[in-house]
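Coordinate analysis (summary)
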Amino acid sequence: MNTYDVAVIGSGPGGYVAAIRCAQLGMKTAIIEKYDTLGGTCLNVGCIPSKALLDSSHHYEEAVKNFEAHGIEIPGEVKVNIEKMISRKQGVVDQTTKGIEFLMDKNKIDVYHGFGSFKDATHILIEKDGKTEEIEAKQSLIATGSKPSTLPFIKLDKERIITSTEALSLKEIPKHLVIIGGGVIGLELGQVYNRLGAQVSVVEYMDRIIPTMDGGLSKELQRSLKKGGMKFYTSHKVKEVTRKGDKITVKADDKKGKEVSFEGDYCLVCVGRRPYTEGLNLDKTGIKLNEKGQVEVNEHLQTNVSNIYAIGDVIKGAMLAHKAEEEGVFVAETLAGQKPHINYNLIPGVVYTWPEVAAVGKTEEQLKQEGVKYKTGQFPMRALGRARASMDIDGFVKILADQTTDEVLGIHMIGARTADLIAEAVTAMEFRASAEDISRMSHAHPTYAEAVKEAALAATDDRALHV
């Protein structure tokens, strides 16, 4: 039996990063993955493939709608080859997962492919093709991630009534894609197929899309996506989804209680994700789950069983790859006797539609609810020379700062490349910058980042220069 200092169950961003950091710190490390490829949901059927399709569809949309304005003429009709687009996506996934294999080898991490489950607190069984192997680990880390959720009355057939996993590998462009859920995943995949020619209808239970983000971002994103042809039905409660042949019917009640029907050829169910703990045999260890099925952990990400930790989607908090990565490093450094740090208020959230949406810190709604007195500075992207040059004029940057101290409490942005710009906001807030601090830092011209400086100026005695 092989013995390890640390065994990691799950090879998603949280798991593989934790394994690498453990190995860097001198621990003999093993990682267990039930699928044949490493990388978990994010690399295989989540973040990476969805971004590949978003980029491909963006190129197509640019060619169809904007190339002529740029003086680029394409003879003949611009067409989509969906088979080739999906193939390119898979190529990106394959290259990325092979990169994780390289990192495991480089860091001398033993990789086990098979379903990992606990025999007891220090022994893990790994089952593959009817054969079972056992390893021993002084410390274990649960990093098994999450699976798509559904509604109890919806039967997913994974052909026409699908989750995000199937939506990443469709063999045709839907004629009418009905999406249940106006969160990040639904909007990103909805925009992919809308760009390629599908009619897309988003049916959302809440009164706005991306309901957990700042209300201003929600309003601006919906306006921009509607301009691109997507249709939105907020405050609609879905109550039935049926399939007859290739036709899908979704029935919902609107905010007045009136029944509304949507007919399409595909229905994408995007109503969130649930922690994945099935088959881990947690009962053999005595590990506790909370009422949401999440693994309970303390401030050190330690379960009630002292030598077992858990990170990522399987515990409380936002289900984000970068949150899981930070937690993986946190656990590794804790095991090494270090004093790592995570500020959960400063884990950024991003929607990779176009325009992109990104945010960190408190929303206006949260500050009002908490009774915090704040001031606001906002700057429109269309006022930037760079935005006009690229024809990406939708969006804005909004900075919320404490009314008395001027400390930045939240930064919310929508526009071109805000997924990258948000790192500036996180850096500033980690160092507890004031709005004036940001306003006095030089930002290169012409860039999208100038909107951050201008929003900071606007929050500092309404001093924005270019509006």
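Read on for a plain summary of the structure. (Residues numbered from 1 in each chain as written. Predicted model: local features only at pLDDT ≥ 70, side-chain atom pairs only at ≥ 80, totals over all residues. Heavy atoms only, no water.)

1. Examining the state of the cysteines
Here is the rule: Here, the term disulfide refers to a pair of cysteine sulfur atoms separated by no more than 2.5 Å. Only protein chains enter the accessibility calculation, which uses a 1.4 Å probe. A residue is then buried if its area is under 20% of the maximum for its type, exposed if over 50%, and partly exposed in between.
Tallied over the entire structure, the rule returns 1 disulfide. A sulfur-sulfur distance of 2.5 Å marks the disulfide that ties Cys42 to Cys47. Taking the sign of the torsion about the S-S bond as the criterion, the disulfide between Cys42 and Cys47, at about -130°, is left-handed. Looking at the unpaired Cys267, the closest cysteine sulfur is the one in Cys270, lying at 9.0 Å. A relative accessible area of 12% places Cys270 in the buried class.

2. Side note on the environment of Leu409
Here is the rule we go by: Per the convention used, a helix needs a DSSP run of H or I reaching at least four residues, while a strand needs a run of E reaching at least two, with both numbered from the N terminus. By definition, residues are in contact when any of their heavy atoms lie within 4.5 Å.
With respect to the secondary-structure elements, Leu409 resides in strand 22 (residues 408–415). Setting aside its immediate chain neighbours within four residues, Leu409 contacts Gly361, Lys362, Leu367, Val372, Tyr374, Leu400, Ala401, Asp402 and Met429.

3. Topic: the side chain of Glu188
Among the secondary structure elements, Glu188 is positioned in helix 6 (residues 184–195). Sequence-distant contacts of Glu188, defined by excluding residues within four places in its chain, comprise Ser50, Lys51, Leu54, Val350, Val351, Tyr352 and Thr353.

4. Description of helix 11 (residues 418–430)
Inclusion rule: One fewer than the residue count of a helix, multiplied by 1.5 Å, yields its expected span.
Here helix 11 spans 18 Å end to end across 13 residues, near enough to the 18 Å set by a 1.5 Å rise per residue. Tucked into the core, helix 11 has its buried residues touching strand 18 (349–351), strand 19 (356–361), strand 22 and helix 12 (435–439). Two residues or fewer after helix 11 comes Arg432, characterised by a positive phi angle close to 55°.

5. Considerations on the packing of helix 3 (residues 47–65) against helix 6
To describe two helices that pack against each other, one gives the angle between their axes and the distance between the axes. Our working definition: To define axes, lines are fitted to C-alpha atoms, for helices over the stretch in contact only, and angles between the resulting N-to-C directions are given on a 0 to 180 degree scale. A crossing counts as left-handed when the near helix is turned anticlockwise from the far one by less than a right angle, and as right-handed when that turn is clockwise. When residue character is reported, Ala, Val, Leu, Ile, Met, Phe, Trp, Tyr, Cys and Pro are called nonpolar, Asp, Glu, Lys and Arg charged, and the others, Gly included, polar.
Remark: helix 3 packs on helix 6, axes separated minimally by 9 Å, with the N-to-C direction vectors making an angle of 35°. By crossing handedness, the relation of helix 3 to helix 6 is classed as left-handed. The segment helix 3 lies against helix 6, with Ser50, Lys51, Leu53, Leu54, Ser57, His58, Tyr60 and Glu61 engaging Glu188, Gln191, Val192 and Arg195. Taken together, the residues of the contact of helix 3 with helix 6 sort by class into 4 nonpolar, 4 polar and 4 charged.

6. Description of the packing of helix 1 (residues 13–24) against helix 8 (residues 321–335)
Under the convention used in this document: Roughly parallel here means an angle under 35 degrees, roughly antiparallel means over 145, roughly perpendicular means 65 to 115, and every remaining angle is called oblique.
Direction vectors running N to C along helix 1 and helix 8 enclose 30°, while the axes themselves pass 7 Å from each other. Taken together, the axes of helix 1 and helix 8 are roughly parallel relative to one another. Judged by the twist between their axes, the crossing of helix 1 over helix 8 is right-handed. Taken together, the residues of helix 8 that come into contact with helix 1 (itself represented by Pro13, Gly14, Tyr16, Val17, Ala18, Arg21 and Cys22) are Ala321, Ala324, Glu325, Gly328, Val329, Ala332 and Glu333. For the contact of helix 1 with helix 8, a count of residues per class yields 9 nonpolar, 2 polar and 3 charged.

7. Focus on the nonpolar core
For soluble globular proteins, the rule of thumb is that nonpolar side chains tend to be buried together. What counts, and what does not: We call a set of buried Ala, Val, Leu, Ile, Met, Phe, Trp, Tyr and Cys residues a nonpolar core when their side-chain atoms join them within 4.5 Å.
Counting residues in hydrophobic clusters, the biggest one holds 49 residues, and the most contacted among them are Tyr16, Met104, Ile124, Ile135, Ile142 and Val295. Looking at this core element by element, the count peaks at 7 residues for helix 1. Dropping the residues within four chain positions of it, Tyr16 is found in contact with Gly10, Ser11, Ile31, Leu43, Ile100, Met104 and Glu325.

8. Remarks on the sheet that holds strand 18
Our working rule: One bridge is not enough; two strands pair if DSSP finds at least two bridges between them.
Ordered by their spatial adjacency, 5 strands build an open sheet running 18-19-22-21-20, and the pairing between neighbours is antiparallel. Two strands bound the open sheet, and with one partner strand each, they are strand 18 and strand 20 (374–380). Each strand axis lies, on average, 10° off the axis of its neighbour in the sheet, ignoring direction. The pairing of strand 18 with strand 19 spans 3 bridges and is antiparallel. Considered in strand 19, the bridge of Val350 is made with Ala358.

9. Notes on the pattern of salt bridges
Pairing is possible between side chains that carry opposite charge, provided their charged atoms lie close to one another. Stated precisely, the cut-off is as follows: Just to be clear on terms, a salt bridge is a Lys or Arg side-chain nitrogen sitting within 4 Å of an Asp or Glu carboxyl oxygen.
Counted under the stated rule, the structure contains 26 salt bridges. Measuring nitrogen to oxygen at the nearest pair gives 3.3 Å for the salt bridge that ties Glu61 to Arg195. Taken as a pair, Glu61 in helix 3 and Arg195 in helix 6 lie far apart in primary sequence, 134 residues in all. In this structure, Glu61 and Arg195 share a single accessibility class: buried. The partner of Glu220 in a salt bridge is Arg223, and the shortest N-O contact between them spans 3.0 Å. Separated by 3 residues within a single helix, Glu220 and Arg223 lie in helix 7 (residues 215–227), roughly one turn from each other.

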